[in-house]
There are 2 protein chains.
Amino acid sequence: MMSDAVTPPGTLPMTLDAVDRRIIRCLLEDATLSNNELAERVGLTAAPLSRRLARLYGAGVIRQAVVVDPAAVGLGLQAFAEVTLNRTAPEVGERFVRAIAAMPEVVECHTVTGDFDFLLKISVKDIADYKRLIWNEFDRLPDIKGLRSTIVFDTPKRSLGTLPDW
Amino acid sequence: MMSDAVTPPGTLPMTLDAVDRRIIRCLLEDATLSNNELAERVGLTAAPLSRRLARLYGAGVIRQAVVVDPAAVGLGLQAFAEVTLNRTAPEVGERFVRAIAAMPEVVECHTVTGDFDFLLKISVKDIADYKRLIWNEFDRLPDIKGLRSTIVFDTPKRSLGTLPDW
DNA sequence: AATGAAATGGGATAGCT
DNA sequence: AGCTATCCCATTTCATT
């Protein structure tokens, strides 16, 4: 099979071969693997593996992260908010993005197609905290035409990364 | 201020003090920090920091992860799908969860309040790939009453973890 | 009980074949 | 890519407050 040349953001195009993909797969399954364990699993020795890893990290294909368990730090409630703006001018959207950038409760902000403009993912302590966020923070923002909240019960599936079926 | 006792999933309750929180904050900002750098930033030496880290990882408060840049591996399209089921029996939902668990394109699945049952986050190559997923995979599933797609233009904010304003 | 200093052990990486 | 050697980093032990 051919290796597709792909372009990480802000970097040069990079070609991933089958070994690179196996490396990524293994790391997605277990990010705590040592280079020796990882090398063994992908059928390599430590040195070339180390070089490949450096390439992948350097090109921005993968990056290390530390994930916090929300409940463990007192964030018991997740929600999605569909936001519609009065888009009278181009800078309305940019102002909104700047505003939510300053709100730590807003964990993700996507601009989307459809009958709303932004889909936000929000992480707060509890329902009271969510009410405070909506009433005291969002309702202060200008140009918000509509906001629909969807509370998360639970999350039966979450995979930090995915790969096409190579 | 008091340290709240919190309960990571499947583990014993754990108390996080101010130093723990600073550690977590620093790691969220930069997961590649060495223990020495991290120790310096939180005002500790390497030894006690190492112990605190072991505690945090052991209790499941934080965990290491490797994040893949979707575009870099050929996944150029993100979407959200709001799914409504014919919930005639309790096992309908469970069957659905099992089905989407086998679909690598479904990166997240949340059960939610509101006028749909599941919110899915989906990561695919392009629009053609998305059509294939919806038409060939989802439309084969029984009990799906409705599905509304929302395509992501871009993601102006994404923070892998958040902390309450301690 | 938790910190800091020092030593030890292991893993990651660079040079070479 | 593999082997080897080096170096750096993480961790453990111990003394200390």
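This is a predicted model, so every value here is computed, not measured.

Undergrad: Sorry, what's going on with the protein's contact with DNA strand C here?
TA: In the neighbourhood of DNA strand C, 13 residues make up the surrounding shell, with Asn35 and Ser50 of chain A together with Ala47, Arg51 and Arg52 of chain B lying closest. When the atoms of DNA strand C within 4 Å of the protein are sorted by group, sugar and phosphate make up 65%. Separating a phosphate oxygen of DNA strand C from a side-chain N or O atom of Arg52 of chain B is a distance of 2.9 Å. The set of elements that each furnish at least two residues to the surface near DNA strand C consists of helix H2 (35–42) and helix H3 (46–58) of chain A together with helix H3 (46–58) of chain B. Looking at the surface near DNA strand C, its residues break down into five nonpolar, five polar and three charged.

Undergrad: How should I be thinking about the environment of Glu29 of chain B in this particular structure?
TA: In this fold, Glu29 of chain B is placed in helix H1 (residues 18–29). For the pair Glu29 of chain B and Ser159 of chain B, spaced 130 residues apart in sequence, the C-alpha separation works out to 9.2 Å.

Undergrad: Could you clarify how one ought to interpret the interface of chain B and chain A in this entry?
TA: When the parts come together, some accessible area is lost, and that loss is often what is quoted as the size of the interface. Listed by partner, the interface residues are 62 residues for chain B and 62 residues for chain A. Of all residues in chain B, Val66, Lys157 and Thr162 of chain B give up the largest surface area on contact with chain A, accounting jointly for 12% of the area buried on that side. Put simply, chain B and chain A have six salt bridges between them. For the salt bridge of Glu108 of chain B with Lys121 of chain A, the shortest nitrogen-to-oxygen distance reads 3.6 Å. There are 27 residue pairs in polar contact (both at pLDDT 80 or more) connecting chain B and chain A. Those elements that provide at least two residues to the side of chain B that touches chain A are H1, strand S3 (62–68), strand S4 (77–85), helix H4 (90–101), strand S5 (106–112), strand S6 (118–124) and strand S7 (144–158) of chain B. When residues in the side of chain B that touches chain A are grouped by element, the largest group, 10 residues, is from S7 of chain B. Here strand S3 (residues 62–68) of chain A runs beside S3 of chain B; their pairing, made up of seven bridges, is antiparallel. Paired with Ala65 of chain A across the bridge in S3 of chain B is Ala65 of chain B.

Undergrad: When you look at the pairing of strand S6 (residues 118–124) of chain A in this model, what are you seeing that I'm missing?
TA: Residues and elements named next belong to chain A. Among the seven residues that make up S6, seven are buried, leaving the element largely enclosed by the rest of the structure. Residues of S6 alternate between two faces, with Phe118, Leu120, Ile122 and Val124 on one and Leu119, Lys121 and Ser123 on the opposite face, all of them buried. Sheet topology note: the strand S4 (residues 77–85)/S6 ladder contains seven bridges and is antiparallel. Residue Ala81 lies in a different strand from S6, and its bridge partner there is Leu120.

Undergrad: Explanation requested: the domain arrangement of chain A in the structure shown.
TA: Its domain assignment divides chain A into domain 1 (2–58) and domain 2 (70–151). Taking only C-alpha atoms into account, the centre of domain 1 of chain A sits 36 Å from that of domain 2 of chain A.

Undergrad: Just checking my understanding: could you explain the pattern of salt bridges for this structure?
TA: Between side chains of opposite charge, a pair can form when the charged atoms approach closely. Per the counting criterion, the structure on display carries 26 salt bridges over all chains. Across the pair Arg132 of chain A and Glu137 of chain A runs a salt bridge, and its minimum N-O distance is 3.4 Å. Looking at Arg132 of chain A, the relative accessible area reads 28%, which means it is partly exposed. The partly exposed category is assigned to Glu137 of chain A, whose relative accessible area is 30%. In the salt-bridge network here, residues are joined through shared partners; they are Glu82, Asp115 and Arg148 of chain A together with Glu82, Asp115 and Arg148 of chain B.

Undergrad: Looking at this structure, how should I read the relation of the copies chain B and chain A?
TA: Two copies of one chain are present, and they are related through a rotation about an axis combined with an axial shift. Under the fitted operation, chain B is carried onto chain A by 0.0 Å of movement along the axis and a turn of 180°, and the coordinates agree to an RMSD of 0.1 Å. What we have between these two chains is a two-fold relation. Within chain B, Ala65 of chain B has its C-alpha nearest the rotation axis, a separation of 2.6 Å. Both copies share a contact surface, since 100% of the interface residues of chain B are interface residues in chain A too.

Analysis parameters
Residues numbered from 1 in each chain as written. Chains lettered and ligands numbered in written order. Predicted model: local features only at pLDDT ≥ 70, side-chain atom pairs only at ≥ 80, totals over all residues. Heavy atoms only, no water. Near = heavy atom within 4 Å. Polar contact = N/O pair within 3.5 Å; in protein donor to acceptor, adjacent residues only side chain to side chain. Helix = DSSP H or I, 4+ residues; strand = E, 2+ residues; numbered from the N terminus. Nonpolar A, V, L, I, M, F, W, Y, C, P; charged D, E, K, R; others polar. Contact = heavy atoms within 4.5 Å. Buried area = accessible area lost by both parts, 1.4 Å probe. Salt bridge = Lys/Arg side-chain N within 4 Å of Asp/Glu carboxyl O. Pairing = 2+ DSSP bridges. Buried < 20%, exposed > 50% of the residue type's maximum accessible area, 1.4 Å probe, protein only. Domains from an automatic or database assignment. Least-squares fit on C-alpha atoms with pLDDT ≥ 70 in both.

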